[in-house]
Amino acid sequence: MEHTPAAPGGAQQSPDFSSPAYYVNRELSWMEFNQRVLEEALTPDEHPLLERVKFISIFSSNLDEFFMIRVAGLEDQYEAGVQDRSVDGLTPLEQLEKIRERVIEQFRQRDECLYKDIAPRLKDNGIDFVSCRSLSDGNREVLEQYFRNEIFPVLTPLAFDTGHPFPFVSNLSLNLAIELEDIESGTMKFARVKVPSILPRILRLDQIDGLDFGDDRIRLLWLDELITEHLEQLFPHMRIVQAYPFRVIRDADIEIEEDEAGDLLETIEQGIRSRRYGKVVRLDITPQMPEPIRKLLMKHLEVGPRSVYEIPGSLGLSGLMELMRIERPELKDEPFAPSNPLEDRVGGDVFSAIRQGDQLLYHPYDSFQPVVDLINQAARDPQVLSIKQTLYRVGSNSPVVKALMHAVEEGKQVAVLVELKARFDEENNIVWARALEDVGAHVIYGLVGLKTHAKLTLIVRREQDKLKRYLHLGTGNYNPTTAKIYTDYSFLTANEALAEDVSELFNALTGYSKHTAYRKLIVSPINTRQRIISMIEREAEWHRKEGNGRIIMKMNSLVDRRTIKALYKASCAGVKIDLIIRGICCLIPGINGVSDNIRVVSVIGRFLEHSRAYYFRNGGMDELFLGSADIMPRNLDHRVEVLFPVPDSELVDVVRSELELILSDNVKSWQMNPDGAYSKVTDDRPQVNSQSVFLQQAAMKKSISKFKVNGL
Ligand SMILES: Nc1ncnc2c1ncn2[C@@H]1O[C@H](COP(=O)(O)OP(=O)(O)OP(=O)(O)O)[C@@H](O)[C@H]1O
Ligand SMILES: [Mg+2]
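Residues numbered from 1 in each chain as written. Chains lettered and ligands numbered in written order. Predicted model: local features only at pLDDT ≥ 70, side-chain atom pairs only at ≥ 80, totals over all residues. Heavy atoms only, no water.

Another aspect to go through is the packing of aromatic side chains. Inspection of the entire model under this criterion finds 20 aromatic pairs. Where Phe-66 meets Phe-67, the ring centres are 6.4 Å apart and the plane angle is 90 degrees; that geometry is what we call edge-to-face. Here the two residues Phe-66 and Phe-67 agree in accessibility, since each one is buried. Summarising the aromatic geometry, the rings of Tyr-362 and Phe-694 are spaced 5.1 Å apart at their centres and angled 75 degrees between planes, so their arrangement reads as edge-to-face. You can see Tyr-362 sitting in strand 10 (residues 359-363) and its partner Phe-694 sitting in helix 18 (residues 690-709), a full 332 residues away along the chain. Given the relative accessible area of 4%, Tyr-362 is considered buried. Taken together, the ring pairs connect Trp-30, Phe-33, Phe-66, Phe-67, Phe-107 and Tyr-309 into an aromatic cluster. Just above the ring of Tyr-678 sits the side chain of Arg-36; from NZ or CZ to the centre is 3.8 Å. (Phe/Tyr/Trp six-rings, centres within 6.5 Å; stacked < 30°, edge-to-face > 60°. Buried < 20%, exposed > 50% of the residue type's maximum accessible area, 1.4 Å probe, protein only. Helix = DSSP H or I, 4+ residues; strand = E, 2+ residues; numbered from the N terminus. Lys NZ or Arg CZ within 6 Å of the ring centre and 35° of its normal.)

This is how it looks when you write it as structure tokens:
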């Protein structure tokens, strides 16, 4: 990326902070993030072998989602003739073209890594991808029988010619396009078979009864290969000329006109159904597919050449996640047991822990269990009157939801705000919302036009004839499964001023309250942008007065232009600004006269960095906010988000030193350079892998508390 120095000739004029040269394109920045995820797989020795496979899967499914939402949006804009340029000066078409160029290169890297590096290493470790043809005659017969019994009944061959309409090809589906010859008439035909998504994508041949290999190697076969091999069973009296896999990705962005939605739940269900019919935004094929079949698919799926990707090898590599089920611990990360300081100290009595003082948990190093315990304990506790909670992504089989249901059964007043619009979790959330409603909880779907992304729990308990309020405030979801792999903070407190604000906020979410004057919380869409910007400006003021201006912000994405401008200005004023941004970052650090004092790093590793923390030195009166909001227009303007201050200075110090540790990471950290590109942080200091250090610290905490429990 080119940019001219802000003040040519050393003149002291203020740079034009709106210049496109000072911004990175949001979509391309996301692509760079996904590249960093891919690098986790590409680099040998970065992770145990199966974990590298996992990163190929994550990279691939991330990219699928990106097409379903972001590329779909750009294609819409392009089609609608939108000529507006992004902050960095690109039209929708220019962005689409750049994305395509990048994706092609990424697919090349991914596939080369998978087939030339990872697969041979898997082989060295006794794990083989095999083809049907490589099997002995005896094994092939057994496999044919297996196909007949287990797979054949689930398949539906769909003919396609003038007599049959083009079959509907659903989103994310893998299919075979089959060329056939009618043996009697000699005419050529075309058919499509969907590879059933309910079956595992990769078969473990060594686990199929009757197959005999005479060794204990693990043998894997792609399901689509098995189907291809036995197509003649689906088309008797026809000659299979050839079969070619293809995969379709559709626009999956649900547009909900909430103002017109009578019943939001039903409207979203309709949306999910219609998502199956969204416009095709990507068609994956293999290079072998002949031109006529390509043309035919492109015509009927209504896609242009820009949306067609040739991928040698298997399609839909997100399916590789199944390999994580292989029981080969030495090829995976070492399991770890999170510390549970609360359990160790107060035996799971979370209320009493909170009474002793505010509690800060850092997941996944600290267990998420206390949060589940809190709600379970509240459900059982006769003194508890009510529980209010927001739910965004709860995951399947959620112990949190079960605890809430239990609380209803125990006669507590339970009010739950279920966000039905949480992307790709809509169906899941509908199920939970219904289940909660059925047991008699008050289920609310939030405010019209806003997604509720805030993570809040409020428990009211009667104590000595007074009502006391307990809070859980978080940066991540109420999802114990992801809490094992995403880094997030949980803050447990009975702080009155915070509780007052949270009560008001729940009233605003569930009732008609138009409360906007929160004393402690920063709340989107009310004042997050304005408060963050004013704290950035305040830091510049402090710096002018007494120096030492310092800001550390950690988030998943930084997109908001006004906040970026404020950061540029603060940098020009001399404030030292460190940004830990895992994903999209539209700000460019280190530009002369614009962002000299800003550093941007991104940590990608075993755990998904997910916590959001905003720290300001504030003239020595350190101020720290944690919460659910990233700095993107969507989080600032279109969602209900909460950032909460951490009132205890000791805990502020804890978080600040955790942030400093991440900033000192020189193993899993990437820095953004003044040209907008990322490079791995390398220096001569002893190696610091921040996630590993946090793991070690958690293990230490565990052993220390064991000593304490034992009275040593
Ligand atoms: N270690 C990892 N590194 C990179 N990406 C990961 C890792 N683990 C999981 N992921 C991917 O990260 C994605 C989730 O990231 P994201 O920040 O969007 O979280 P989220 O739960 O959707 O939160 P939000 O609702 O705030 O967007 C998942 O789709 C998953 O595939
Ligand atoms: Mg997300």
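So, about helix 1 (residues 26-42). Within an α-helix, residues lying three or four positions from one another point in the same direction, as the helix has 3.6 residues per turn. The end-to-end C-alpha separation of helix 1 is 24 Å, in line with the 24 Å expected for 17 residues at 1.5 Å each. Most of helix 1 sits out of view: 15 of its 17 residues are buried. (Expected span 1.5 Å × (residues − 1).)

What follows is about the domain arrangement of the protein chain. You can read the domains of the protein chain as domain 1 (20-96), domain 2 (126-303), domain 3 (341-517) and domain 4 (523-704). A separation of 42 Å is found between the C-alpha centroids of domain 2 and domain 3. The interface is formed by twelve residues belonging to domain 2 together with 14 residues belonging to domain 3. Taken over both partners, the interface formed by domain 2 and domain 3 buries close to 1,100 Å², and the fraction arising from carbon and sulfur atoms is 64%. A salt bridge links Asp-253 to Arg-423; its shortest N-O distance comes to 2.7 Å. In this structure, the connection of domain 2 to domain 3 is made through one residue pair in polar contact (both at pLDDT 80 or more). For the side of domain 2 that touches domain 3, a count of residues per class yields seven nonpolar, no polar and five charged. (Domains from an automatic or database assignment. Contact = heavy atoms within 4.5 Å. Buried area = accessible area lost by both parts, 1.4 Å probe. Salt bridge = Lys/Arg side-chain N within 4 Å of Asp/Glu carboxyl O. Polar contact = N/O pair within 3.5 Å; in protein donor to acceptor, adjacent residues only side chain to side chain. Nonpolar A, V, L, I, M, F, W, Y, C, P; charged D, E, K, R; others polar.)

For the rest of this paragraph, the subject is the sheet that holds strand 2 (residues 157-160). Strand order in the open sheet formed by six strands is 2-4-3-7-8-9, with mixed pairing between adjacent strands. This sheet does not close on itself; its edge strands, each paired only once, are strand 2 and strand 9 (308-310). With strand direction ignored, the average angle separating the axes of adjacent strands in the sheet is 30 degrees. Lying on the sheet, helix 3 (residues 92-124) is in contact with strand 8 (280-285) and strand 9; it crosses strand 9 at an angle near 25 degrees. (Pairing = 2+ DSSP bridges. Axes fitted to C-alpha atoms, helices over the stretch in contact; angles between N-to-C directions.)

Direction vectors running N to C along helix 14 (residues 528-546) and helix 15 (residues 561-573) enclose 5 degrees, while the axes themselves pass 9 Å from each other. If you check the angle between helix 14 and helix 15, you find them roughly parallel. Of helix 15, the residues touching helix 14 (which contributes Arg-529, Ile-532, Ile-533, Ile-536, Ala-540, His-543 and Arg-544) are Arg-562, Thr-563, Ala-566, Leu-567, Ala-570 and Ala-573. For the contact of helix 14 with helix 15, the residue count by class is eight nonpolar, two polar and three charged. (Parallel < 35°, antiparallel > 145°, perpendicular 65-115°, else oblique.)

Lining the immediate surroundings of ligand 1 are 17 residues, of which His-453, Arg-582, Gly-605, His-610 and Arg-612 lie closest. At a separation of 3.0 Å, an oxygen atom of ligand 1 approaches a polar side-chain atom of Arg-612. In isolation ligand 1 has 650 Å² of accessible area, and contact with the protein removes 82% of it. It is helix 2 (residues 49-79) that contributes the most residues to the shell around ligand 1, three residues altogether. Here the shell around ligand 1 is composed, by residue class, of seven nonpolar, six polar and four charged. (Near = heavy atom within 4 Å. Areas by Shrake-Rupley, 256 points an atom, 1.4 Å probe, with all protein chains shown as cover.)

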